[in-house]
Amino acid sequence: MTVFTLGQATASALGKAGASMRARSIAPSADTGRTRMPHRTGAPVLRDSIEAGTFEEMFFAVPAKGETDTLLRIARRTLDAGRQLRREARAGDRILTAAERRIITLTAAAVRVYEEILTLARLNRGRVFPSYDHLADATSLGRATIARALHILEDIGFLVRQRRFKRIDADGPGPRYRQTSNAYRPTLPQRVLGFMPRWMRPAPLPADVVQHEIDRTSEVAAMIAGLSCKDMAAATVGGQLGKMLAKLGATIDRRERESHIHSQPLLS
């Protein structure tokens, strides 16, 4: 199950990349009530959206054999655990923690939506970007129920969702943008493992494997620290955003070289 831990780290990095694309002014959409940010062309784009085709290679991951089945079993067990927690809380026998309050929000509809996402992950080698209409047709649930289910799954930690937009042809000068389907990546929430039987919990990694990962992380951090601004942008950010940052980094590198070559002498 290590792949899901790495997926959570990837999602965190993507979140930081997506945050750099937010606009200063944010306006609500009149038709949906959701928060949208006006693009420089005036086209509405949902907050935290990233252009389709610029990040998917580092976002998606091929699930290992049996991982999707294990995740579905854990989700179903979590649903049972949530029902038990709700009963104990109503009877006054238990004071729920913050994690437990999230767990009791899991519904049968959310588990059904999760099952469809896991099926797509298994069949499409981890590349999951269904539309709401597809999920509604596959699960026989309404769009509003689908939206609530995805929010619940994301809040508990069963999946990572990334909004996407794409370029479209339109009349008039300049590019045009439109929202497209979200990208999804199933993950294993650590907060639910305490409610699972021991045989369903992932085995702890050997100490040498943990130390090897620590050493590898340190080496990667040292390598990135030694990169120029241009190379760092190209290595850490892809797509159009990476190209723009690499161009900006090249300008910064050139100015730094010029300052070293043509340094001003100290005045006497």
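Above this text sits the structure in question.
As a starting point, this report considers the structure included with it. Note that the structure is predicted; figures quoted are calculated from it, not measured.

**Description of the overall build of the protein**
Thinking step 1. Along the protein, the regular secondary structure elements total ten helices and six strands.
Thinking step 2. Within the protein, counting contacts between residues at least 6 apart in sequence, those at least 24 apart form 67% of the total.
Thinking step 3. Here the protein displays about 16400 Å² of accessible surface, and carbon together with sulfur accounts for 55% of that area.

**Thoughts on helix α5 (residues 108–123)**
Thinking step 1. The terminal C-alpha atoms of α5 lie 23 Å apart, and with 16 residues this matches the ideal 22 Å at 1.5 Å per residue to within 8%.
Thinking step 2. Within α5, burial applies to A110, V111, V113, Y114, E116, I117, L118, L120 and A121.
Thinking step 3. Looking at the buried positions of α5, the neighbouring elements they touch are α3 (67–90), α6 (132–139), α7 (143–156), β5 (159–168) and β6 (176–186).
Thinking step 4. Positive phi shows up at R125, right after α5, with a value of about 55 degrees.

**A closer look at the sheet that holds β6**
Thinking step 1. Strand order across the open sheet formed by three strands is β4-β5-β6, with mixed pairing between neighbours. Each edge of the open sheet is held by one strand with a lone partner, namely β4 (50–51) and β6.
Thinking step 2. Alignment of β4 against β5, held across two bridges, turns out to be parallel. Paired with E51 across the two strands is F165, which belongs to β5.
Thinking step 3. Along the sheet face, α7 touches β5 and β6 and points at about 125 degrees away from the line of β5.

**Quick look at the environment of P197**
Thinking step 1. Here P197 lies in the loop between β6 and α8 (207–225).
Thinking step 2. Along the backbone, P197 and I74 are 123 residues apart, and their C-alpha atoms lie at a distance of 9.7 Å.

**What to know about unusual backbone geometry**
Thinking step 1. At D48, a residue that is not glycine, the phi angle is positive and equals roughly 70 degrees.
Thinking step 2. At S140, a position not held by glycine, the phi torsion is positive, near 60 degrees.
Thinking step 3. Position of S140 among the secondary structure elements: in the loop between α6 and α7.

**Considerations on the pairing of β6**
Thinking step 1. Counting buried positions along β6 yields eight of eleven residues, so the element is predominantly enclosed.
Thinking step 2. Both β5 and β6 contribute to a ladder of nine bridges, which runs antiparallel. If you follow I168 over to β6, its bridge partner there is R176.

**Structural notes on the pattern of salt bridges**
Thinking step 1. By the definition in use, this model includes twelve salt bridges.
Thinking step 2. Linking R164 and E56 is a salt bridge whose minimum nitrogen-to-oxygen distance equals 3.1 Å. Note that R164 is positioned in strand β5 and E56 in helix α2 (residues 56–59), a separation of 108 residues in sequence. An identical accessibility class is assigned to R164 and E56; each is buried.
Thinking step 3. In this structure, D133 and R143 form a salt bridge, with 2.8 Å as the shortest nitrogen-oxygen distance. Here D133, found in helix α6, pairs with R143, found in helix α7; they are ten residues apart in sequence, far enough to count as distant.
Thinking step 4. What makes D133 partly exposed here is its relative accessible area of 45%.

Procedures and definitions
Residues numbered from 1 in each chain as written. Predicted model: local features only at pLDDT ≥ 70, side-chain atom pairs only at ≥ 80, totals over all residues. Heavy atoms only, no water. Helix = DSSP H or I, 4+ residues; strand = E, 2+ residues; numbered from the N terminus. Contact = heavy atoms within 4.5 Å. Areas by Shrake-Rupley, 256 points an atom, 1.4 Å probe, with all protein chains shown as cover. Expected span 1.5 Å × (residues − 1). Buried < 20%, exposed > 50% of the residue type's maximum accessible area, 1.4 Å probe, protein only. Pairing = 2+ DSSP bridges. Axes fitted to C-alpha atoms, helices over the stretch in contact; angles between N-to-C directions. Salt bridge = Lys/Arg side-chain N within 4 Å of Asp/Glu carboxyl O.

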